[in-house]
Amino acid sequence: AHVRFAGIKTMPRRYTPEERIQAFWRKTRPDGDCIIWTGSIQGNGYGRVSNGTKVPTTAHRFAYEITYGPVPDGMFVLHRCDRPSCVNPGRLFVGSHMDNMADMRVKGRSLRKLSLEDTKRIFEARLFGARPKDLAHIYGITDGSVWKAIQRGRKTHGGAGFSACESHAKKAIA
């Protein structure tokens, strides 16, 4: 936030760590056992927050770090509750990339829950203009998983793009 003095824009105000933490918690609300981030949200559902550096971080990682300390290099902050917008430190834990992938499989968030037929249907529906958000709701997966299914569909059609597969998809659906 820039400060104005006599109508002149000055350097941004520097917040103390305590002020930044207070501002962070003001942008949350309780929801059952979760504490939901109500500030800026990325397209994947994760909160985004300025941590005082030039590079913003995810809200749940910030919540973990202000509660427990720094996350070791190469490690991730994972959710026990599987809600990307949850910042409740008691529901967060540190794990490796492999831990994150295993957690996804256990909670049913991996593409492996889609059959090849489902993948084909998602790919073909997208050819005809279906929105990824709608397809995610229909199949019970994330938008990101829809896009992965579409990529998998492209590979099964010989690597061709949408326009090259459109006539094939129309025949397959008809």
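Residues numbered from 1 in each chain as written. Predicted model: local features only at pLDDT ≥ 70, side-chain atom pairs only at ≥ 80, totals over all residues. Heavy atoms only, no water.

1. With respect to the overall build of the protein chain
Logical step 1: Per the secondary structure count, the protein chain includes 7 helices and 8 strands.
Logical step 2: Counting every position in the protein chain, which comprises 174 residues, the buried fraction comes to 29%.
Logical step 3: Considering only contacts within the protein chain whose residues lie at least 6 apart along the sequence, 44% involve residues at least 24 apart.
Logical step 4: Counting every atom, the protein chain has about 11100 Å² of accessible surface; 55% of that belongs to carbon and sulfur. (Helix = DSSP H or I, 4+ residues; strand = E, 2+ residues; numbered from the N terminus. Buried < 20%, exposed > 50% of the residue type's maximum accessible area, 1.4 Å probe, protein only. Contact = heavy atoms within 4.5 Å. Areas by Shrake-Rupley, 256 points an atom, 1.4 Å probe, with all protein chains shown as cover.)

2. As for the pattern of salt bridges
Logical step 1: Taken as a whole and judged by the stated rule, the model has 7 salt bridges.
Logical step 2: Arg 83 is paired through a salt bridge with Asp 31; the nearest N and O atoms lie 2.9 Å apart. Taken as a pair, Arg 83 in the loop between β7 (76-79) and β8 (92-95) and Asp 31 in strand β3 (residues 28-31) lie far apart in primary sequence, 52 residues in all.
Logical step 3: For Asp 31, a relative accessible area of 29% gives the class partly exposed. (Salt bridge = Lys/Arg side-chain N within 4 Å of Asp/Glu carboxyl O.)

3. Things to note about helix α2 (residues 59-68)
Logical step 1: Listing the buried residues of α2 in full gives Ala 59, His 60, Phe 62, Ala 63 and Tyr 64.
Logical step 2: Looking at the buried residues of α2, the elements they touch are α1 (17-26), β4 (34-37), β5 (48-49), β6 (57-58), β7 and β8.
Logical step 3: Once α2 ends, the next one or two residues include Gly 69, with phi positive near 110 degrees.

4. Considering the pairing of β3
Logical step 1: Judged from the 4 bridges that link them, β3 and β4 form a sheet pairing that is antiparallel. Within the sheet, the bridge partner assigned to Pro 30 lies in β4 and is Ile 35.
Logical step 2: The turn linking β3 back onto β4 is made up of 2 residues, and Gly 32 within it adopts a positive phi angle of 65 degrees. (Pairing = 2+ DSSP bridges.)

5. Considerations on the nonpolar core
Generally speaking, soluble globular proteins have nonpolar side chains that are buried together.
Logical step 1: In this structure, Phe 24, Trp 37, Val 49, Ala 59, Phe 62, Ala 63, Tyr 64, Val 71, Val 77, Val 87 and Leu 92 together form the largest nonpolar core, which totals 11 residues.
Logical step 2: Ranked by residues supplied to this core, first place goes to α2 with 4 residues.
Logical step 3: Among residues more than four places away in sequence, those in contact with Val 71 are Arg 61, Tyr 64, Glu 65, Phe 76, Val 77 and Val 94.
Logical step 4: Membership of the second largest hydrophobic core comes to 10 residues, among which are Phe 123, Leu 135, Ile 141 and Val 146. (Core = buried A, V, L, I, M, F, W, Y, C linked by side-chain atoms within 4.5 Å.)

6. Side note on the packing of α1 against α2
Logical step 1: Remark: α1 packs on α2, axes separated minimally by 12 Å, with the N-to-C direction vectors making an angle of 130 degrees. Considering the angle they form, α1 stands oblique to α2. Here α1 and α2 pass one another in a crossing that is left-handed. Taking contact as the criterion, the partners of Arg 20, Ile 21, Phe 24 and Trp 25 in α1 are, on α2, Ala 59, Phe 62, Ala 63 and Ile 66. (Axes fitted to C-alpha atoms, helices over the stretch in contact; angles between N-to-C directions. Parallel < 35°, antiparallel > 145°, perpendicular 65-115°, else oblique. Left-handed = near helix turned anticlockwise from the far one by under 90°.)

7. With respect to the environment of Gly 52
Logical step 1: Positionally, Gly 52 belongs in the loop between β5 and β6.
Logical step 2: Of the residues examined, Gly 52 reaches a relative accessible area of 48% and is grouped as partly exposed.
Logical step 3: C-alpha of Gly 52 to C-alpha of Pro 17: the two residues are 35 residues apart in sequence and 8.1 Å apart in space.

8. A short note on the confidence of the model for the protein chain
Logical step 1: Considering every residue of the protein chain, the mean pLDDT works out to 80; 78% of them sit at 70 or more.
Logical step 2: Note on residues 158-174: pLDDT is under 50 here. Beyond four places in sequence and across chains, it has 21 contacts. (pLDDT = per-residue confidence, 0-100.)

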